[in-house]
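Architecture and fold: a report
Single-letter residue listing:
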Amino acid sequence: MELNEIKGIGPKTLGLLNKLQINTIEDLVEYYPFHYDVIKRTDLNEEKVTIDGVIESIPQVSFFNKKMNRLMFNFNTGSILCKVVIFNRIFLKNNLKPNTMITVIGKYDKEKNTLVASDIRFGSLPNIPRYEPIYHTVNGISSRELNKFILNALQTNFSYNEYMPEYLKEKYNFLEKRDSIINIQNPNHATNLKSAINYLKYEELFLYMFKMNILKLNNKNNLGLERNVDFKQVEEAIKSLPFTLTSDQLNSIKEIYDDLNSHKRMNRLLQGDVGSGKTIIAFLAILINHFSGYQSALMVPTEILAHQHYNSFIKLFNNYNISVEILTGKTTSKDKKDIYKRLKNGEIDVVIGTHALITEDVEYKNLGLVITDEQHRFGVNQRSNLKNKGSLADVLYMSATPIPRTYALTIYGDMDISNIKTMPRGRKEVITYLKKESEIKEVLTLMYHELKLNHQVYVIAPLIEDSDKIDLTNVNKLEEQMNKAFGKLYNIGVLHGKMNKSEKDEVMNKFKNNDIQILISTTVIEVGIDVPNATTMVIFDAFRFGLSQLHQLRGRVGRNNLQSYCVLISNHEKERLNVLLETTDGFKISEEDFKLRGSGDLFGIRQSGDMTFKLANLKNDYKMLLMAKDDSYECLINKQYLENKYLTELVNRICNLD
């Protein structure tokens, strides 16, 4: 059964659901609420009043401010007679007839004996509390509508993948998955809702740790490639660099060298802040691999980053006889065929690219090293696919989102970990300010000062378009404001996720070349091109972002010896945001993110990496994660996964078993 066969879902609604990544009935029923409104009778003295009663008069309508209207009528709750006022709901008038039983949700003004309603429902309140699911939505579809579609889908014989082994369901007395889905989408009791959430959280964590443990067990049994590289060659390469490595960088490259020269297959995570110098470590690892006579592949999340790394590598190692190519989705068919051919016969030593590196057409002659940059943005399967392009390839993962050691050892338990905490010499610490919206003139003055020095500015907004429900600064509004302030003096560009790749690349290249001086953007620049001339980062509605994400954005400036600035604009959450004023240590900041908001904010909102859970939260559910880690390991060791076809398929897929 297709999604458009569900009652109420027409072509327009289908398009809106697709924006939420809901493409199948399975996606729909497993699109879980993030919150519940509990509908129950309350006292009139409470801040939010929910009460039922009977309409006592014909509603009166009045209009004001052209677009505003107000409905007013008398309302009898059984204990008092009061007035109800509701704004901009004129369409309800014909149904709000005297003697009709309704439920009113709102705020009671005792002095005026008036109930200012935010919502009116027809019918009386239930005797027991009712839980109404609240979902993340897009403009054009409400939570209530989405829930109606989900409930319609639940009436069908919907399919789902149940990964939980039967013996674990019995061990923890879990509900069946079908019952859990029904209970989370249409809860009728707090106990059933809690049981459903527990099952679905645990399945998420179990599945994640199951994948991790597959990789961990594989790594234990994997012997590495034969290498015999003299470290003096590496030291000579380091001496030839136009800058001096930090102690953390030197320690990291020594750990990688030891891995590559050992009999064990390397599986290492390199963590470090934006701008801490992870890329040069990756380049030196590629050089060690080249000295051994093997090919290297470096996979990055964006085409812009691929070109940046390609140009940097060529510049730094042009004295070595190394053949380097770039492979992305934009590479022409003719060039792709040529690159595929040369990779297969060994004419290319190093290939740098995006997901294009893991397509079926790509074959290597002797791939010895696989590196993935911003590794959390690639799923376990994607990382595994690239690794398996070389039967014994060593693997290095890089992440600019450092996470606390305790969590890292659990989440990335299949890897060895190297950390870069010290920043390269000569870098000045980014000065960070926290400003209220009322202090915008001071912010514009700072921007103007930097622009006059021929420096460039990033301006970040959390939204692309206006939202009826959330009052947040958006890209379009900021473009108007910046044009009003600076449009006659400087060029202003706009960048956001709804633009296609060629549009994004064109804007970023113009910014890199200083053809654009002010770049207004959403968080798509978080992993972007290196623009050393950009010295100022201004982030509107900063309270909407996690601390680690703000720290990542801040890392886009200060990539030179110029003094750089980051301005956080927010009227809310001053205490939390002050953490960024007190430290530039990404590891400390990630610790605070875990304490304050949980794991989701480490990687931004809904990014497509391993760490995106629908329900689970690593901070709140850490004990559950540890249980899932042990259970999934036991399941693999004792081959109990063979009783579950979905787990068996997963093992075969990750391990490339037949």
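Source: prediction; values computed, not measured. One numbering rule holds for all chains: residues counted from 1, following each sequence as written. Local features in this predicted model are restricted to residues of pLDDT 70 or higher, and side-chain atom pairs are both shown and tallied only at a pLDDT of 80 or more, whereas totals for entire chains, interfaces and linings draw on every residue. With hydrogens and water excluded, all non-hydrogen atoms of the structure serve as input to the side-chain values.

**Thoughts on the environment of Lys645**
Helix and strand assignments follow DSSP, with helices taken as H or I runs no shorter than four residues and strands as E runs no shorter than two, numbered in order from the N terminus. Along the chain, Lys645 turns up in helix α21 (residues 645-655). The cut-offs for exposure are 20% and 50% of the maximum accessible area for each residue type, with area from a 1.4 Å probe on protein chains only; residues under the lower value are buried, those over the upper are exposed, and the others partly exposed. Given a relative accessible area of 54%, Lys645 falls into the exposed group. For the pair formed by Lys645 and Pro165, sequence separation is 480 residues and the distance between their alpha carbons is 9.8 Å.

**Looking at the sheet that holds strand β19 (residues 518-521)**
Pairing between strands is defined by DSSP: at least two bridges between them are needed. Spatially, β16-β21-β20-β17-β19-β18 is the arrangement adopted by the six strands of the open sheet, whose pairing is parallel. Looking at the sheet topology across the chains shown, the edges are occupied by β16 (431-435) and β18 (492-495). In this sheet, adjacent strand axes meet at a mean angle of 15° when their direction is disregarded. The criterion used for residue contact is that any of the two residues' heavy atoms lie within 4.5 Å. An axis is simply a line fitted to the C-alpha atoms; with a helix, the fit covers only the stretch in contact. Between two such axes, the angle follows the N-to-C directions and lies from 0 to 180 degrees. Its contacts with the sheet place helix α17 (residues 547-554) against β16, β17 (456-460), β20 (534-540) and β21 (565-569), and it is angled at close to 150° to β20.

**Some words on the sheet that holds strand β10 (residues 295-299)**
Strand order in the open sheet formed by seven strands is β11-β12-β10-β13-β14-β9-β15, with parallel pairing between adjacent strands. If you trace the sheet from one side to the other, it starts and ends with β11 (324-327) and β15 (416-420), each paired once. Direction aside, the axes of adjacent strands within the sheet are offset by 20° on average. Across four bridges, the pairing between strand β13 (residues 367-372) and strand β14 (residues 394-399) is parallel. Among the inter-strand pairings, Thr372 is bridged to a residue of β14, identified as Tyr397.

**Regarding the confidence of the model for the chain**
The predicted structure's coordinates, where accompanied by low pLDDT, should not be read in detail. Summary of the metric used: pLDDT quantifies the predictor's per-residue confidence within the range 0 to 100. Overall, the prediction assigns the chain a mean pLDDT of 86, with 90% of residues at 70 or greater. When pLDDT is averaged over each element of the chain, β21 comes out on top at 96 and helix α12 (residues 380-387) at the bottom at 52. Confidence over residues 376-380 falls short of pLDDT 50; this stretch has 29 contacts with residues more than four positions distant or in other chains. Here residues 466-470 is modelled with pLDDT under 50, and outside its nearest four sequence neighbours on either side it reaches seven contacts, counting other chains as well.

**Notes on the pairing of strand β4 (residues 68-76)**
Burial along β4 is one-sided: Asn69, Leu71, Phe73 and Phe75 are buried, and none of Met68, Arg70, Met72, Asn74 and Asn76, which face the opposite way, are. Pairing geometry for strand β2 (residues 49-55) and β4, over two bridges, is antiparallel. Residue pairing in the sheet places Ile55 in a bridge with Phe75 of β4. Judged from the five bridges that link them, strand β3 (residues 60-64) and β4 form a sheet pairing that is antiparallel. Across the sheet, the residue bridging to Phe64 is Met68, located in β4. The turn linking β3 back onto β4 is made up of three residues, and Asn65 within it adopts a positive phi angle of 50°. In this sheet, strand β5 (residues 81-87) lies alongside β4 in antiparallel orientation, the contact comprising seven bridges. Opposite Asn76, over in β5, you have Leu81 as the bridge partner. Hairpin connection between β4 and β5: a loop of four residues separates the two successive antiparallel strands, and Gly78 in this loop has a positive phi of roughly 100°.

**Brief notes about the packing of aromatic side chains**
Classification of ring pairs uses Phe, Tyr and Trp, with its six-membered ring standing for Trp, and accepts pairs whose centres are within 6.5 Å; under 30 degrees between planes counts as stacked, over 60 as edge-to-face, and the remaining range as tilted. Tallying each qualifying case throughout the model produces 20 aromatic pairs. Measuring from centroid to centroid gives 6.4 Å for Tyr433 and Tyr565, while their planes differ by 10°, and the two rings are stacked. Taken together, the residues span a long stretch of sequence, with Tyr433 in strand β16 and Tyr565 in strand β21 at a distance of 132 residues. Taking the relative accessible area as the measure of exposure, Tyr565 reaches 15% and is therefore buried. Pairwise contacts between aromatic rings join Phe283, Phe291, Phe313, Phe317 and Tyr320 into one cluster. It is Arg178 that lies over the ring of Phe158; its NZ or CZ is 4.1 Å from the centre. Should the NZ of a Lys or the CZ of an Arg lie within 6 Å of a ring centre and within 35 degrees of the ring normal, that charge is described as sitting over the ring. Stacked on the ring of Phe231, the Lys or Arg Lys254 has its end atom at 5.7 Å from the ring centre.

**Focus: the pattern of salt bridges**
Within this document, salt bridges are pairs made up of a side-chain nitrogen of Lys or Arg and a carboxyl oxygen of Asp or Glu, the two lying within 4 Å of each other. Considering all chains together, one arrives at 25 salt bridges under this definition. Across the salt bridge formed by Glu166 and Lys169, the nearest N and O atoms sit 2.8 Å from each other. Taken together, the residues span about one helical turn, with Glu166 and Lys169 both in helix α4 (residues 166-171) at a distance of three residues. Classification of Glu166 by relative accessible area gives partly exposed; the value is 44%. Lys171 is paired through a salt bridge with Asp631; the nearest N and O atoms lie 3.2 Å apart. Of the two residues, Lys171 sits in helix α4 while Asp631 sits in helix α20 (residues 622-637), which places them 460 residues apart along the sequence. Salt bridges sharing common partners tie together Asp119, Arg121, Arg130, Glu132 and Arg144.

**What about the nonpolar core?**
Judged by nonpolar contacts, the single largest core of 67 residues is most densely connected at Leu28, Leu146 and Phe210. Mapped by element, the contributors of at least two residues to this core are α1 (11-19), α2 (25-29), α3 (143-154), α5 (177-185), α6 (190-221), β14, α20 and α21. With 15 residues, α6 is the largest single contributor of residues to this core. Apart from the residues lying within four places of it in its own chain, the contact partners of Leu28 are Leu3, Ile9, Leu17, Ile22, Leu146, Phe149, Ile150, Ala153 and Gln185. In terms of nonpolar packing, the next biggest core, distinct from the first, is built from 38 residues, Ile256, Ala285, Ala306 and Ile326 among them. As used in this record, nonpolar core signifies buried Ala, Val, Leu, Ile, Met, Phe, Trp, Tyr and Cys residues forming a set joined through side-chain atoms within 4.5 Å.

**Observations regarding α3**
At 3.6 residues per turn, the α-helix brings residues three or four places apart onto the same side. Helices are assigned an expected span. That span is 1.5 Å times one less than the residue count. Spanning twelve residues, α3 covers 16 Å between terminal C-alpha atoms, matching the ideal 16 Å at 1.5 Å per step. Along α3, the residues that are buried comprise Ser143, Leu146, Asn147, Phe149, Ile150, Ala153 and Leu154. One side of α3 holds all its buried residues, which, seen down the axis, span an arc of 160°. Where α3 is buried, its residues touch α1, α2, β8 (130-134) and α5. For this quantity, the arc is that covered by the directions from the helix axis to the C-beta atoms.

**Description of helix α11 (residues 333-344)**
The end-to-end C-alpha separation of α11 is 16 Å, in line with the 16 Å expected for twelve residues at 1.5 Å each. Looking at α11, one finds that the buried residues are Ile339, Tyr340, Arg342 and Leu343. Among the residues trailing α11, Gly346 stands out with phi positive, at a value near 85°.

**Focus on the packing of α3 against α5**
α5 packs onto α3 with a crossing angle of 150° between their chain directions and a minimal axis gap of 10 Å. Between α3 and α5, the angle falls in the class roughly antiparallel. Taken as a pair, α3 and α5 cross one another with a handedness that is left-handed. Along its contact with α3, which presents Asn147, Ile150, Leu151 and Leu154, the element α5 presents Arg178, Ile181, Ile182 and Gln185. Here roughly perpendicular refers to angles of 65 to 115 degrees, roughly parallel to angles under 35, roughly antiparallel to angles over 145, and oblique to all remaining angles. In this scheme, a crossing is called left-handed if the near helix is turned counterclockwise away from the far one by less than a right angle; it is called right-handed if the turn is clockwise.

**A short note on empty space enclosed by the protein**
For cavity detection a 1 Å grid was placed over the protein atoms alone, and a set of points counts as a cavity when a 1.4 Å probe fits there but cannot get out; an open set counts as a pocket when protein lies on both sides within 12 Å along at least five of seven lines, with lining residues being those that have an atom within 4 Å of a point. Grid points are joined across faces, edges and corners, and a volume is the space filled by probe spheres set on the points. This structure, assessed with the given rule, holds two cavities of 30 Å³ or more. Of the volumes computed, that of the largest cavity is approximately 50 Å³. Lining the largest cavity we find Asp273, Ala400, Thr401, Pro402, Ser548, His551, Gln552, Gly586, Ile589 and Ser590. For the lining of the largest cavity, the secondary-structure elements that each account for two or more residues are α17 and α19 (586-596). Of the residues that constitute the lining of the largest cavity, the class distribution is three nonpolar, six polar and one charged. Classification used: nonpolar for Ala, Val, Leu, Ile, Met, Phe, Trp, Tyr, Cys and Pro, charged for Asp, Glu, Lys and Arg, polar for all others including Gly.

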